[in-house]
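# Residue-level structure breakdown
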Amino acid sequence: MKPTTPITYQPYLGVQPYVTKDRSTIRELMCPTRHGNQAQSLAEAIIPAGGRTLLHRHLTSEEIYYIVRGDGMMTLDGKAFFVKAGDTICIPPGTPHAIKAGTRERLRILCACSPAYSHDDTELLEPEPVVLPRASRPARARAARPPRAKCLPRRLMRPSSIQARTCWPTPG
């Protein structure tokens, strides 16, 4: 029997990451729109240390998270629990979920979706935070520093001056 899905190889570095609706950085490793597979998608999600996704749900997709690296708190249908590298979580369609990375390192997750991930299938359940532009402020004047002292390297010093290194101020 001949496969209906083309056999595809995707080098990791050939996939450009992007930010999804839930604010995680995603690298779609295999998806129907680029690779021709039909029933599922596989992506890597990166959440920076201390960062989190927005609470969201997928209306038709079942999602499986495999924690590759790091740890954090998973919120699934109103319940929060600790997750770490090696853990797997199944998220049924329509289930509200979010994940927060621990503070020590970024969280790296493999996400499998069936049917394949789609922005249109993702419903945000909390508002996106408003990021205000940084107020322009005048540049701070640098305080004048005293001149640095340069010292002779040990190999150029006379034996009598090794304890009290010979130093002189650098020109201004």
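Refer to the structure printed above.
The strand order β1-β2-β3-β10-β5-β8 describes an open sheet built from 6 strands, whose pairing is antiparallel. Of all the strands in the sheet, just β1 (18-19) and β8 (88-91) have a single pairing partner and so form its edges. Pairing analysis gives 7 bridges linking strand β3 (residues 41-47) to strand β10 (residues 107-114), with the strands arranged antiparallel. In the sheet register, S41 faces β10, and the bridge partner there is C113.

A few words on unusual backbone geometry. Look at the link from S114 to P115: it is a cis peptide, with omega at -10°. Notably, R23 is not glycine yet its phi reads approximately 80°, a positive angle. Following the sequence through the fold, R23 ends up in the loop between β1 and β2 (25-30). Judged by relative accessible area, R23 falls into the partly exposed class, the value being 37%. With a phi angle near 55°, D77 is a residue other than glycine that sits in the positive phi range.

What follows covers the pairing of β2. As paired strands, β1 and β2 are joined by 2 bridges and run antiparallel to one another. Residue pairing in the sheet places V19 in a bridge with T25 of β2. By the bridge criterion, 5 bridges tie β2 to β3 in an arrangement that is antiparallel. Bridged to R27 within β3 is E44.

With that settled, consider the side chain of R27. Tracing the backbone through its elements, the reader meets R27 in strand β2. We classify R27 as buried; its relative accessible area is 15%. At 2.6 Å, the side chain of R27 forms a polar contact with the backbone oxygen of V15. Dropping the residues within four chain positions of it, R27 is found in contact with Y12, V15, P17, L42, A43 and E44.

Criteria and thresholds
- Residues numbered from 1 in each chain as written.
- Predicted model: local features only at pLDDT ≥ 70, side-chain atom pairs only at ≥ 80, totals over all residues.
- Heavy atoms only, no water.
- Pairing = 2+ DSSP bridges.
- Helix = DSSP H or I, 4+ residues; strand = E, 2+ residues; numbered from the N terminus.
- Buried < 20%, exposed > 50% of the residue type's maximum accessible area, 1.4 Å probe, protein only.
- Polar contact = N/O pair within 3.5 Å; in protein donor to acceptor, adjacent residues only side chain to side chain.
- Contact = heavy atoms within 4.5 Å.

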